[in-house]
Amino acid sequence: MQILLIIAFILFYIYLILLMCVQESRKRKLNFFLALLICILLTPFFGHFVLRLFPLINPTGCNWCGNKYNEAEFCGLCGKNEAGEIRESFKAKKS
């Protein structure tokens, strides 16, 4: 009985790893097999954070300054969001 529970837990664990790797490899510039290798070697918990370091396939970009690599809510260059609102703590660099 205990062996069946252990096998069921291992299969469920592998299933969750596969689902996470499929999801992250679709959104990011990352191969599925590389994602799977990272999750197996680092455990899924730490592997998830490593996978999040890879860039997105289609980042949202900034409509205001043309920063095509912006992935955050507020742009790092101009400090605006999609609605054009400036982040409160943003200070523009003087050139």
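Use the structure listed above.
Remember, predicted model here, so these are calculated numbers, not experimental data.

1. Topic: unusual backbone geometry
Peptide bonds are mostly trans, and most non-glycine residues show a negative phi. In the Ramachandran plot, Thr-43 falls in the positive-phi region, its phi being about 70° despite a non-glycine side chain. Locating Thr-43 in the fold gives a position in helix 2 (residues 32-51). Judged by relative accessible area, which is 36%, Thr-43 ranks as partly exposed.

2. So, helix 2
Here helix 2 is 20 residues long, yet its end C-alpha atoms lie only 11 Å apart, well below the 28 Å a rise of 1.5 Å per residue gives. At Thr-43, helix 2 is bent by approximately 125°, the largest bend along its length, and proline Pro-44 sits one to four residues beyond. Those residues of helix 2 that fall on the buried side of the exposure criterion are Ala-35, Leu-36, Ile-38, Cys-39, Pro-44, Gly-47 and Leu-51. Those residues of helix 2 that are buried are in contact with helix 1 (2-27). Put simply, Asn-31 is the residue that caps the front of helix 2, since its side-chain oxygen is 3.3 Å from the backbone nitrogen of Phe-33.

Conventions adopted
- Residues numbered from 1 in each chain as written.
- Predicted model: local features only at pLDDT ≥ 70, side-chain atom pairs only at ≥ 80, totals over all residues.
- Heavy atoms only, no water.
- Helix = DSSP H or I, 4+ residues; strand = E, 2+ residues; numbered from the N terminus.
- Buried < 20%, exposed > 50% of the residue type's maximum accessible area, 1.4 Å probe, protein only.
- Expected span 1.5 Å × (residues − 1).
- Bend = angle between axes of the 7 residues up to and from the residue.
- Contact = heavy atoms within 4.5 Å.
- Polar contact = N/O pair within 3.5 Å; in protein donor to acceptor, adjacent residues only side chain to side chain.

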